[in-house]
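# A structural walkthrough
As a plain string of letters, each chain reads:
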Amino acid sequence: MQQLEPLIARCRDLVEDLDLANVKAWKAAHPRGIAIGYLPIYAPREIVHAAGGLPVGVVGAGEELEIVRGDACFQSYICHLPRSVIELALTGRLDVLEGMIFPSTCDVIRNLSGIWKLSFPGKWTHYLDLPQNFEPEMGGVFYRRILHEMYAELCAMTGLAPDTECLRASVRLFNENRRLVGDLYAARAAEPWKFGAKDSYLVLRAGLVLPVEEHTTVLREYIQLCKARDVRPLDNARIALRGAFCEQPPLALIQTLERAGCYVVEDDFLPMLRWPSADVSEQGDPLDALVTSWLATPCEAASRFVKDGSEKGCTLVDSTREAKAEGVIFATPSFCDPALLDRPMLQAALQRSGIAFTSFKYAENTGQMQPIREQAGTFADSIKLWGEA
Amino acid sequence: MKPTIAKEPSMLRQKDMVAGHYHKLGTAQERGQKVAYTFVPGNLTELMLSFDLLPVYPEINALQNAMRKLSGDYIAEAERAGHSEDVCTYVKCDIGMMLKGNTGPTGEKMPPPDVLLLSYTGCFTFMKWFELLREKYRCPTAMLHVPYMPDGVITKESRDYVVKQLKDVIIPALEKSSGKKYDEERLREMLKLSAKAEDDLVTVLESAKHRPSPIDSYFGGVYYIGPLFTAFRGTQDAVDYYRELREEVEGRMARGEGPITPEGQVSDERFRLVVEGPPNWTHFREFWKMFHDEGAVVFASTYTKVGGLYDRGFRHDPDRPLESLAEYCLGCYTNLGLPRRVELISEYVRDYQADGFVINSVKSCDSFSSGQLVMLREIEKRTGLAGAFIETDLVDPRYFSPANVRTRLESYFQMLAQKREGALAR
Ligand code: SF4
Ligand code: SF4
């Protein structure tokens, strides 16, 4: 087993490597393999894996990349993510990807799929229309056909024949990976002082570029190493973070929250690595199982319609309570309509449940942390004060 | 002094129709008539009317409020209530209006919805908007998921999916809200009327190919599409309106007259343009005047296609009622992928022999605006014409800067004039 520091350093290198060296290395080792990118917030990675591909999560470029061409593609009032993604692509950093999946997360990602088609006509570009009707005979039938076609198209690229057993094996691997992601969240909620929010995030995010088998090993080791650490708890406020499901905050922001006296015990970073929250069935037809898990998964997200009868925000309230968070921080990308339109409803749900919250906006390249530090610090102090009162 | 606007009979007729509709809404509760809220793109007006449900289109309320200079206050009210400054201003205008007592643009109180018919076509925000309204009104929401058409081609599978939802989700929900049984014969009759009116609208839109054009297809166009894109499709009123409109336009064409604008008739058609994107509503007249002053007439626009691409052949079909409603939802402009949007605008530029094209990029609308800079370059490449790119908003007066917009447009028109002179000199 590795030591903690080198493990985290490796994850950090993977996260910060905009040239995707490990994807290139994987392809060198798998000459018939393909690398397929996917945008937030959910894509069935199992399908890519079963077709002999490496699914690669593309969530922007953070603080590091200077945006030149991306700004010429998007007006100032569009969030930052698409401009850094297009910058990565136009500077050749995504050339290693044979194709890209654009899930139906919002109109910006939807239209980015069109930009992709216009800009990279030779690449495989797939708009993934996740059903908003959750009945098996409607949304289910529609979605199954999409998955079936996607699998066939990817197999045609790698030369593998679509195969139920292969697909089931992939389902098994991703189930195992998601279980460990769940373990990581549970362990961090139990002893947040042993799992730094930023380090946990790096370990999680490495899963966007690592082969699933390898990421599972990394997760397992990380959890064990952290649990064994001898660290004393601080008198921090336990908070849940919401709104960062697509464009990712800069690492400095996560660190700032910790330094401001917050233990992040729950968050909505990178849902693609956590969904569906329950295992996909390993029995029967794997495509059916993927469909069923999507239809039935209790994930609440801005891009997923909340049916009549289920209260918007109740999942947030439940997960906040489950993680024993004392308050919620809404950290939302600027100009992110889905997150910002959702926010008043989620805040109303928190208010009804007596859970404190505060809100601010960021961009993936936000550099100024002082205002955030002050706001988070004041929030943490007030939680402690009221909690003790 | 403001110029006197020559009002043609069809304009007066439309004004009466709109006022009548708002009055019906204002009295719906006392008359016991049920109300459905829905959105313009992919609206199922005939279906709603076949259940005697009165439709409310929140975007129309928002734009009407903007034209009456009410939207700024409503948006401020919504922002005070916690809505972000970053999001679509249609939503905030609507929520602000609701928070301030739900008085509609004509001064009559809007009835609460009995059902929110969420025809989820071409815009992600629609879903959030109705989730927000559902929280306030505590009424049922009927969700119709209309898949996006990334290649601009309607597939059988997508149509089947929509039809199945119409049968199994939407119709039962409307039956429940209205207390009436689904009557397919009645729906067919309405669709027959829709198709008639649609034929006439297409004749009107295509008249812009004539020189000089008798219509302006953007600023004037928003009036022409009004009844068909909203509460009147499927009614005899719409048929009468479009017949009258067509006759007026044909008359103007025969007399060699240009379009009517608030500043009077365009007599000197200097520039033929295609416009992409919705107009600004808070300064609608001022915006139009900027084009009028330069003799710029718009021959084709994409905004007049958000409620259907009739000019590309789509008609509601009484023989295939649910299938054609599904195809209608799937084929609305903002539900089409960017490559198809680029293709369509390039076709318009060619078909209408445009001198140039303008993209009005509105801050509110990711669905329209995201990707427009790439579209601009791609259309320039395909047509060989330079385009103009201006930025405004729909209903938030803070984002319309008259000086900036005017300067941009003026320099664009100057550039077009110089190009033309250069070509003549050669
Ligand atoms: S940050 Fe928000 S608006 Fe931007 S791409 Fe992601 S979900 Fe869409
Ligand atoms: S985002 Fe655009 S299409 Fe959607 S409601 Fe707002 S203005 Fe309309």
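Everything numeric in this text was worked out from a predicted model, so none of it was measured.

The rules we used
- Residues numbered from 1 in each chain as written.
- Chains lettered and ligands numbered in written order.
- Predicted model: local features only at pLDDT ≥ 70, side-chain atom pairs only at ≥ 80, totals over all residues.
- Heavy atoms only, no water.
- Helix = DSSP H or I, 4+ residues; strand = E, 2+ residues; numbered from the N terminus.
- Expected span 1.5 Å × (residues − 1).
- Buried < 20%, exposed > 50% of the residue type's maximum accessible area, 1.4 Å probe, protein only.
- Contact = heavy atoms within 4.5 Å.
- Salt bridge = Lys/Arg side-chain N within 4 Å of Asp/Glu carboxyl O.
- Buried area = accessible area lost by both parts, 1.4 Å probe.
- Pairing = 2+ DSSP bridges.
- Axes fitted to C-alpha atoms, helices over the stretch in contact; angles between N-to-C directions.
- 1 Å grid on protein atoms, 1.4 Å probe; cavity = no way out; pocket = protein on both sides within 12 Å on 5 of 7 lines; lining within 4 Å.
- Points joined across faces, edges and corners; volume = space filled by probe spheres on them.
- Nonpolar A, V, L, I, M, F, W, Y, C, P; charged D, E, K, R; others polar.

## Quick word on helix H14 (residues 338-351) of chain B
Between its terminal C-alpha atoms H14 of chain B stretches 20 Å, which fits the 20 Å expected from 14 residues at 1.5 Å a residue. Most of H14 of chain B sits out of view: 10 of its 14 residues are buried. Buried residues of H14 of chain B: Leu 338, Arg 340, Arg 341, Val 342, Leu 344, Ile 345, Ser 346, Glu 347, Tyr 348 and Val 349 of chain B, and no others. Next to the buried residues of H14 of chain B lie helix H5 (107-119) of chain A together with strand S7 (271-276), strand S8 (296-301), strand S9 (356-362), helix H15 (366-369) and helix H16 (372-383) of chain B. Immediately downstream of H14 of chain B, the backbone of Gln 353 of chain B shows phi near 45°, a positive value.

## Things to note about the pattern of salt bridges
Throughout the structure, instances matching the rule amount to 71 salt bridges over all chains. Here Asp 342 of chain A ties to Lys 312 of chain A by a salt bridge, and the two come within 3.0 Å at their closest N and O atoms. Of this pair, Asp 342 of chain A sits in helix H13 (residues 337-353) while Lys 312 of chain A sits in the loop between helix H11 (286-296) and helix H12 (314-322), and the two are 30 residues apart along the sequence. Just as Asp 342 of chain A is buried, Lys 312 of chain A falls in that class too. Across the pair Glu 347 of chain B and Arg 340 of chain B runs a salt bridge whose closest N-O atoms are separated by 3.2 Å. Assigned by exposure class, Glu 347 of chain B and Arg 340 of chain B land together as buried. Shared partners join several salt bridges into a network, and the residues in it are Lys 305, Asp 311, Arg 312, Arg 340, Glu 343, Glu 347 and Asp 351 of chain B.

## Focus on the interface of chain B and chain A
With 58 residues of chain B at the interface, the matching set in chain A holds 49 residues. Here chain B packs against chain A, burying approximately 4,600 Å² in sum over the two surfaces, 58% of which is carbon and sulfur. Area buried by chain B at its contact with chain A is led by Asp 86, Phe 124 and Asp 366 of chain B, which between them contribute 14% of it. In this structure, the connection of chain B to chain A is made through seven salt bridges. A salt bridge links Arg 134 of chain B to Asp 308 of chain A, with the shortest nitrogen-to-oxygen separation between them at 2.7 Å.

## Side note on the sheet that holds strand S8 (residues 356-362) of chain A
All names here are of chain A. Sheet architecture is open: four strands sit in the order S6-S5-S7-S8, paired in parallel fashion. The outermost strands of the open sheet, each flanked by one partner alone, are strand S6 (262-266) and S8. In this sheet, adjacent strand axes meet at a mean angle of 35° when their direction is disregarded. Relative to S6, strand S5 (residues 237-242) runs parallel, the two sharing four bridges. Note on S6: the bridge partner recorded for Ala 240 is Glu 266. On the sheet, helix H7 (residues 164-190) packs against S5 and S6 and is oriented at approximately 145° with respect to S6.

## With respect to empty space enclosed by the protein
In this structure the tally under the stated criterion is nine cavities of 30 Å³ or more. In this structure, the largest cavity encloses a volume near 190 Å³. Together, 15 residues line the largest cavity, and Val 15, Leu 20, Gly 57, Gly 60 and Val 209 of chain A are the ones closest to its centre. The residue makeup of the lining of the largest cavity, split by class, is 11 nonpolar, two polar and two charged. Counted as a void, the second largest cavity has a volume near 160 Å³. Lining the second largest cavity are 18 residues, with Ser 104, Arg 110, Tyr 127 and Asp 129 of chain A together with Tyr 120 of chain B positioned closest to its centre.

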